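Understanding the architecture of this molecule
This is what each chain is made of:
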Amino acid sequence: MPTSTAPAPGIAGQIAVVTGAAQGIGAAVCTALATAGAKIAALDIDARLQQLADTLPGTHPYHLDVRDGPAVTATIDAIEREIGPIGILVNVAGVLHTGPVATITDEDWHQTFAVNTDGVLHTCRATAPHMITRRTGAIVTVASNAASVPRIGMAAYAASKAASAAFTRCLGLELAPYGIRCNTVSPGSTDTAMLRALAADRDPQNARNAVVNGDPAAFRIGIPLGRIATPGDIADAVLFLASDQARHITLQELFVDGGASLRP
């Protein structure tokens, strides 16, 4: 698993809550924060969460479905009691259902928003009051560059990620008077199980080349830097925004996509 070597002042000794922690970007974020000295409360519905906890010292696993608002609140309160005051919250949990808008089911649409958007509301709403009391904290939401670049067959995912990014900015404005920073990291194509699932019916190398080079037929631009991100690349960005190096940064969206979204 990739680990971060970036300096991260202010992380050591912090208690960090990470959702979607069992694999991919979430596991890389847990590793980066733990390497920098944080204690990790790792949240996921995936059974592989225990494997992460067994291999990453200082990690406390909590089996949790972020769609369940009351369960999220109870878990955050338990973390405060059992581990200590939460200083960092990283929202990584996400799902992807692809398909044309004309045929997408209500179930797929609602599940996408329940995890990608409602889940962010649930964790932030449960954690913010604790941070407000202490007048300190950092919240980072992992969204997606798909929120700003239209993609065929990804309307539900893109819309849910756009909503979570807008929510995080609004939250940041509300919490700024209490010294709490809220930022978003928006990855592009990253080498995770989610990306590999999209290419399951294609030759893996051809699928990777299509992502890097672009696909005019699908109105998909390529990646100017010529490579797909690793989970560790995204974790480094999260680590920076959670650290004191970003102490005067809030309400921002950092794109980690190799230039794919062509943002100014």
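Above this text sits the structure in question.
In this report, we go over the structure that sits alongside the text. From a predicted model like this one, the values you see are computed outputs, not experimental measurements. (Residues numbered from 1 in each chain as written. Predicted model: local features only at pLDDT ≥ 70, side-chain atom pairs only at ≥ 80, totals over all residues. Heavy atoms only, no water.)

Through backbone hydrogen bonds, the strands of a sheet pair up, either in parallel or in antiparallel fashion. One open sheet holds the seven strands; their spatial order is E3-E2-E1-E4-E5-E6-E7, and the pairing between them is parallel. Looking at strand neighbours, the two that pair on one side only are strand E3 (59–63) and strand E7 (253–256), the edges of this open sheet. Each neighbouring strand pair of the sheet contributes to a mean axis angle of 20°, computed without reference to strand direction. In this sheet, strand E5 (residues 137–142) lies alongside strand E4 (residues 86–91) in parallel orientation, the contact comprising four bridges. The residue bridging Ile-88 from the neighbouring strand is Ala-138, located in E5. Contacts from helix H5 (residues 155–175) reach E5, strand E6 (180–187) and E7 within the one sheet, and its direction differs from that of E6 by about 160°. (Pairing = 2+ DSSP bridges. Helix = DSSP H or I, 4+ residues; strand = E, 2+ residues; numbered from the N terminus. Axes fitted to C-alpha atoms, helices over the stretch in contact; angles between N-to-C directions. Contact = heavy atoms within 4.5 Å.)

What follows concerns the nonpolar core. Grouped together as the largest cluster of nonpolar side chains are 36 residues, with contacts concentrated most on Val-18, Val-29, Leu-33, Ile-40 and Val-90. Counting residues per element, this core draws most heavily on helix H1 (residues 24–35), which supplies eight residues. Contact partners of Leu-33, with chain neighbours within four places excluded, come to Ile-11, Ala-16, Val-18, Ala-38, Ile-40, Ile-88, Val-90 and Leu-239. Counting 22 residues, the second largest nonpolar core, distinct from the first, contains Ala-41, Ile-76, Cys-124 and Met-131. (Core = buried A, V, L, I, M, F, W, Y, C linked by side-chain atoms within 4.5 Å. Buried < 20%, exposed > 50% of the residue type's maximum accessible area, 1.4 Å probe, protein only.)

For the rest of this paragraph, the subject is the environment of Thr-31. On the secondary structure map, Thr-31 appears in helix H1. Under the relative-accessibility criterion, Thr-31 is labelled buried at 6%. For the pair formed by Thr-31 and Ala-235, sequence separation is 204 residues and the distance between their alpha carbons is 8.4 Å.

This next bit is on the pattern of salt bridges. For the coordinates displayed, the defined rule picks out five salt bridges. Across the pair Arg-48 and Asp-46 runs a salt bridge, and its minimum N-O distance is 2.6 Å. Judged by relative accessible area, Asp-46 falls into the buried class, the value being 18%. With a closest N to O distance of 2.8 Å, Arg-134 and Glu-80 form a salt bridge. Placement of Arg-134 in helix H4 (residues 106–134) and of Glu-80 in helix H3 (residues 69–82) is noted, with a sequence separation of 54 residues between them. Using a relative accessible area of 31% as the deciding quantity, one classes Arg-134 as partly exposed. Relative accessible area serves as the criterion here: at 16%, Glu-80 is assigned to the buried category. (Salt bridge = Lys/Arg side-chain N within 4 Å of Asp/Glu carboxyl O.)

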